[in-house]
Amino acid sequence: MYPKSFFIHTIGCQMNVSDSERMARSLTPLGYVPAVSADQADLVVVNTCSVRAKAEQKAFSLLGQLAVIKARRPEMVVVVAGCVAQQEGERLRQRAPHVDLILGTRAIQRLGPLLQRLPAHSGPLVDVEMGDLPDETDGARLGESNDGVSRFVTIMRGCDNFCAYCVVPYVRGREVSRSPEAILHEIRGLCDAGVREVTLLGQNVNSYGAKEGICSFAQLLRHVNAVEGLARIRFTTSHPKDLTPELIDCFATLEKLCPHIHLPVQSGSNPILARMNRNYTREHYLDKVAKLRNSCRQIAITSDIIVGFPGERRADFEATLDLMQQVEFDSVFAFMYSDRPNTPARLLSDKLPEREKRERLHAVLELQERVTAAKHQALLGSVQEVLTDGFSKRPAAAAEDSGEQWTGRTRGNKIVHFIDAGSRADDTANRPGRMVRVRIERALAHSLWGRLERPHAFGSPLKRGDSCCAESTLPD
Ligand code: SAH
Ligand code: SF4
Ligand code: F3S
């Protein structure tokens, strides 16, 4: 008998990417192997996002495409997982009758057992239970199936903040932190298998452990910093209100903690921040930025911005542009406000027209492009520590050089392409996972370009397999 094959579409944030990786791992013991496309797979999972209307539409458009394939191959199993599955639950039966399994955000670990129940079940199975999550202590097993040098480690799930525009608390439930023991066990397992960098994940990582009183996020970071074999630590996402002096100090004291923080500001206007229920002011935010830079001069700060929140006047928007100019973020994700189910902002009056929101979005992106370009220019001639993660396509400008073009990230999370003269893509001694020194020679709009410095090595090559999860995207 041929093995069954699976394909996972992932829409949304890193939490979904991480959940997709978990689903992929849970399918291997059931005899599934990765398929190259949904077209040929026996099982297709659409792991969905509901953060903005566009992300939800994308999920339904993928489900529409799968309906066409399923009409041709009725034996193909279609699973909807993630935030739209949680939000819609039973309603998906009507909207997408070809779906076999509807898997909520806290049912991810039940994928295997539910698939086994499917043949005996008539109609789609729905599991959107929001009950307690088991603490995932499968670190050693995670390590064995490791497929990269850099991995996400979920340290908490859910969110208690209820920002007025945000659907996440409704689809991901209340905040629950994993125990430090389970997290450290998982990270040690990953390091034993060759992982060099971990990104600690949560909707609000810096409130980690606060509710349970287990340990603070800064304490957890200190434990992770002591894990042998680990080279880099990152985390995302932090809420400005929970950025403590103890955590800010970690950037000065923990050598493995990368000098980068993603600190969403959302708006630079106090009345808008209050209506968003963000629990900080523009002044608090600017003060935290100054303290971060005092603690670590070169820290990269990135952010999320929403334009066109209901009632955002011209002056409010200009306050956002002004804050961006003051902070000089390394990069930002900017979004047009989008009405979401169940959220209080949906009921606010003074909604802005699409055209106005689009214009404001362009103004934010244009300003940020200029700031990012200046930041990239300032790195010209510097030597950066880069953790390599793969090969990349060469730009025409690099055609005169021989050798492979590699990609990797600096400690500040900037993407770097570089030529390693003499290396070949099939050369196993040069696999991803090397820590190298690269001299920056060109500043591009979204990345940097450089040349390997010799002697270059900081570490040894690592093993890497192929990922079966396609379309991993940040929220669009
Ligand atoms: N927990 C993280 C990320 C949440 S979702 C945090 O608090 O930062 C990622 C980003 O999507 C948010 O930071 C916000 O900028 C944006 N976002 C969330 N809901 C939105 C909505 N209804 N419309 C537009 N953007 C939204
Ligand atoms: Fe959403 Fe706010 Fe929670 Fe982030 S902190 S997930 S924006 S409710
Ligand atoms: Fe869910 Fe992440 Fe989207 S929590 S709503 S997949 S941004």
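Right above here is the structure, for reference.
First, a word on what this report is: a plain description of the structure on this page. In this text the structure is predicted, and so the values were computed from the model without any measurement. Each chain has its residues counted from 1, running along the sequence as written. Lettering for chains starts from A, numbering for ligands starts from 1, and both go in the order in which the items are written. Only residues with pLDDT of at least 70 are given local features in this predicted model, and only at 80 or more are side-chain atom pairs given and counted; all residues enter the totals for whole chains, interfaces and linings. The side-chain numbers reported here are obtained from all heavy atoms of the structure, hydrogens and water having been left aside.

Here the focus is the overall build of the protein chain. Each helix and strand counted, the protein chain has 14 helices and 20 strands in total. Each of the 476 residues in the protein chain was classed as buried or not, and the buried ones make up 56%. A contact between two residues is defined here by any heavy atoms of the two lying within 4.5 Å. Sequence separation of 24 or more characterises 73% of the internal contacts of the protein chain that already satisfy a separation of 6 or more. Note on areas: Shrake-Rupley with a 1.4 Å probe; residue coverage comes only from the protein chains shown. Of the accessible surface of the protein chain, which amounts to about 20400 Å², a share of 53% is contributed by carbon and sulfur atoms. Counting from the N terminus, the helices are DSSP H or I runs at least four residues long and the strands are E runs at least two residues long. Any residue under 20% of the maximum accessible area for its type is buried, any over 50% is exposed, and the rest in between are partly exposed; the area is computed with a 1.4 Å probe on protein chains only.

Neighbouring ligand 1 are 14 residues; Arg-52, Gln-203, Gln-266, Asp-304 and Ser-338 lie closest to it. Arg-52 is positioned such that a nitrogen or oxygen atom in its side chain is 3.0 Å from an oxygen atom of ligand 1. N or O atoms within 3.5 Å of each other form a polar contact, as long as, within protein, one can give a hydrogen and the other can take it, and as long as residues adjacent in sequence are counted only when both atoms are side-chain atoms. The separation between a nitrogen atom of ligand 1 and a polar main-chain atom of Ser-338 is 2.8 Å. Elements with a contribution of two residues or more to the shell around ligand 1: strand 13 (300–307) and strand 14 (331–336). Here the term charged refers only to Asp, Glu, Lys and Arg, the term nonpolar to Ala, Val, Leu, Ile, Met, Phe, Trp, Tyr, Cys and Pro, and the term polar to all other amino acids, Gly among them. Across the shell around ligand 1, the residue classes tally to 7 nonpolar, 4 polar and 3 charged. The near set for a molecule or strand comprises every residue that places at least one heavy atom within 4 Å of it.

Now for helix 1 (residues 14–27). To estimate the expected span of a helix, count its residues, drop one, and scale the result by 1.5 Å. Along its 14 residues, helix 1 runs 20 Å from first to last C-alpha, staying within 8% of the 20 Å computed at 1.5 Å per residue. Taking burial as the measure, the 14 residues of helix 1 include 12 buried ones, the bulk of the element. Residues of helix 1 that are buried: Met-15, Asn-16, Val-17, Ser-18, Asp-19, Ser-20, Glu-21, Arg-22, Met-23, Ala-24, Arg-25 and Leu-27.

Before going further, it helps to spend a moment on the site of ligand 2. Near ligand 2 the following residues occur: Cys-159, Asn-161, Phe-162, Cys-163, Tyr-165, Cys-166, Val-168, Pro-169, Gln-203, His-239 and Arg-278. Here the residues of the shell around ligand 2 sort into 7 nonpolar, 3 polar and 1 charged.

A word on the sheet that holds strand 10 (residues 197–201). Here we have 3 strands laid out as an open sheet, ordered 7-10-11, and parallel in their pairing. The sheet terminates laterally at strand 7 (150–154) and strand 11 (232–236), the two strands that pair on one side only. Averaged over all neighbouring strand pairs, the angle between strand axes comes to 25°, with direction disregarded. Every axis in this analysis is a line fitted to C-alpha atoms, fitted for helices over the stretch in contact. Angles between the N-to-C directions lie between 0 and 180 degrees. Strand contacts of helix 1: strand 7, strand 10 and strand 11, with the helix running at about 95° to strand 7, the strand carrying the most contacts. Two strands qualify as a pair provided that DSSP identifies no fewer than 2 bridges between them.

Centre distance within 6.5 Å is the pairing criterion for rings of Phe, Tyr and Trp, where only the six-membered ring of Trp is used; planes under 30 degrees apart are then read as stacked, over 60 as edge-to-face, and the remainder as tilted. In this structure the tally under the stated criterion is 7 aromatic pairs. Their ring planes at 85° and their centres at 6.3 Å tell us that Tyr-165 and Phe-309 sit as a pair that is edge-to-face. Note that Tyr-165 is positioned in the loop between strand 8 (156–157) and helix 7 (168–172) and Phe-309 in the loop between strand 13 and helix 13 (314–327), a separation of 144 residues in sequence. Comparing Tyr-165 with Phe-309, the two get one shared label, buried. Ring plane angle 85° and centroid distance 4.9 Å describe the contact between Phe-217 and Phe-235, whose orientation is recorded as edge-to-face. Of this pair, Phe-217 sits in helix 9 (residues 217–225) while Phe-235 sits in strand 11; the two residues are 18 residues apart in sequence, bridging distant segments of the chain. Neither Phe-217 nor Phe-235 differs from the other in exposure class; each is buried. Here a set of aromatic residues connected by ring pairs shows up, and it is made of Tyr-165, Phe-309 and Tyr-337.

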